[in-house]
Structures are given as structure tokens and as C-alpha cells.
Amino acid sequence: MPSSSQQEIDSQAKEKGLRKIGKVKDAHGIRGEIFVIVFSGEAPWLDRLKELNIHGVRSKGDGWLTLDLKSARLHKNGFIASSPQIQNRNEAEALKGCELYVPVEFLISKPGDSIFLSEIEGFKVLLADGTELGQIIGFSSNGVQDLLVVRDRKNNDKREILIPLIPEFVGKIRFEKSEIVMILPPGLIED
């Protein structure tokens, strides 16, 4: 993969109107299909996908490759995809470990639907009493649930706090103000 920092890659993706959603886990079969793991485990946008925007391709100067999508079907925690530009298993294996990006507009929820994590990245996190805890700078998982990675304002942004994103902890999401109010049990966040 070209030597680019993740920040540079994220900036390139943003310029292209793309968002990272998964990675190529492996080749699938002998005809050049790839198995893509989707970080969220869900791909409600799969039927809208027309091309595969991949980063991390060693043979490309900037690491980016766009492939036409021939077919895609859900599989385990992701999907199996084929492209006319991938002719055989060897070509598919060359993409192993590359990251997959989709158009940002695929990751906007409709009212009443579950939100996409990317919709709240950068939001301020407020406690129920109105105290600002910090800003969501990313996401993680503990295997059971998604975790918000929050840069702690109380400690001059020097530490990160992991908060489980579960319905019981979410008081309100204010999209118009880019903030989320969390109702956290005592002791969850240590000072």
C-alpha cells in the first residue's frame, strides 16, 4: 500500500464523497469474487451500490481503485462481490486487506431507522445535566455493542473515553446542534 497516513486517506475519501465501511477479507471461489467484511455487519445500501471504491491497492500510485460492480450478495457479516475487472482468484487475492468505501449519502438514515455511526461522528457528547463530556472522534466495538470514542474535554482532550452506544444510555440526539445527550450510570466514566 502506498505510504499515506490514515488522515490523508480519510481526507482523500472525503473529497471523493466516500466513507470507509469495510475491507476485503479474502478472495471467494475461483472466478475472482471478493468477500468484503462490513464493519457494522449490515449493508442496507447494497442494492444501490454500482461500483467498488477500494483503497490500499499496491499497483496504484495513490492506492485508489474503482471497479464496476457486476453482482453482490449478502454473506455472513458482509457481502460477496464480483466485478468484470477481476478475472480470477489471483486478482481477487491481490485486493485482500484493502479498504472499501461507499458514497456518504448511503450512510444517512431515514426518520425512524437506526442511525449510521458516521452520522454522529464529530458530535458533542453532553451528560443529562448539560455538562459537556467531549466530542465523538471515532468508534470501536467490544464484540457485543458499538462504543463511542470520545475525546475528554475535562482533561484538555488528553484522554479518550469509551462509552457503550446502547439505547438505555442515549437520551437524545440533536442533529441540528450536532450533539448527543447521554444518560450514563454512576461510575461508568472515571475521572
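These remarks concern the structure in this document. (Residues numbered from 1 in each chain as written. Predicted model: local features only at pLDDT ≥ 70, side-chain atom pairs only at ≥ 80, totals over all residues. Heavy atoms only, no water.)

This paragraph deals with the sheet that holds strand β10 (residues 146-152). Strands sit in the order β11-β10-β9-β8-β13-β12 across an open sheet of six strands; the sheet is mixed. Each of the sheet's edge strands pairs with one partner strand only, and the pair in question is β11 (160-164) and β12 (170-174). Adjacent strand axes in the sheet meet at a mean angle of 35°, parallel and antiparallel pairs treated alike. Pairing of β12 with strand β13 (residues 179-182) involves four bridges; the strand directions are antiparallel. Its bridge partner lying in β13, K172 is registered against V181. (Pairing = 2+ DSSP bridges. Helix = DSSP H or I, 4+ residues; strand = E, 2+ residues; numbered from the N terminus. Axes fitted to C-alpha atoms, helices over the stretch in contact; angles between N-to-C directions.)

Further remarks concern the environment of M182. Within the fold, M182 resides in strand β13. Accessibility expressed as a relative area gives 1% for M182, which makes it buried. Between the C-alpha atom of M182 and that of L126, which follows or precedes it by 56 residues, the distance is 6.1 Å. Not counting residues within four places of it along the chain, the set of residues in contact with M182 comprises V125, L126, L127, A128, L148, I163, P164, F169, V170 and G171. (Buried < 20%, exposed > 50% of the residue type's maximum accessible area, 1.4 Å probe, protein only. Contact = heavy atoms within 4.5 Å.)

Where strand β1 (residues 18-28) and strand β7 (residues 99-103) come together, five bridges link them in antiparallel fashion. The partner of R19 across the bridge, within β7, is V102. As judged from the six bridges shared by β1 and strand β2 (residues 33-38), these two strands associate in the antiparallel manner. The residue bridging V24 from the neighbouring strand is V36, located in β2.

When you line up the elements, H55 lands in strand β3 (residues 51-55). When its relative accessible area of 1% is taken as the criterion, H55 is described as buried. Looking at H55, its side chain comes within polar contact range of the main-chain oxygen of D62, at 3.2 Å. (Polar contact = N/O pair within 3.5 Å; in protein donor to acceptor, adjacent residues only side chain to side chain.)

The next subject is the pairing of strand β5 (residues 71-75). Examined bridge by bridge, β5 and strand β6 (residues 78-82) share five bridges and lie antiparallel to one another. Counted as the bridge partner of S71 is S82 from β6. Here β5 folds back onto β6 in antiparallel fashion, the turn holding two residues, of which K76 has a positive phi close to 50°.

The phi torsion at K76 lies on the positive side, around 50°, for a residue other than glycine. Its place among the elements puts K76 in the loop between β5 and β6. Residue K76 is classed as exposed on the basis of its relative accessible area, which comes to 71%. Even without a glycine there, the phi angle at S178 is positive, about 55°.

Let us now look at the nonpolar core. In terms of nonpolar packing, the biggest core is built from 27 residues, with I34, W45, L49, L52, I54, F79 and L95 touching the most fellow members. For this core, the secondary-structure elements that each account for two or more residues are β1, β2, β3, β4 (64-68), β6 and β7. Ranked by size, the runner-up nonpolar core spans 16 residues in total, among them L133, L148, I166 and L184. (Core = buried A, V, L, I, M, F, W, Y, C linked by side-chain atoms within 4.5 Å.)

In this structure the tally under the stated criterion is three aromatic pairs. Centre to centre, the rings of W45 and F79 are 6.1 Å apart; their planes meet at 85°, and the pair counts as edge-to-face. Remark: F79 occurs in strand β6 and W45 occurs in the loop between β2 and β3; sequence separation between them is 34 residues. Each member of the pair, W45 as well as F79, carries the same accessibility label: buried. The ring of W64 is capped by K16, whose NZ or CZ atom sits 5.0 Å from the centre of that ring. (Phe/Tyr/Trp six-rings, centres within 6.5 Å; stacked < 30°, edge-to-face > 60°. Lys NZ or Arg CZ within 6 Å of the ring centre and 35° of its normal.)

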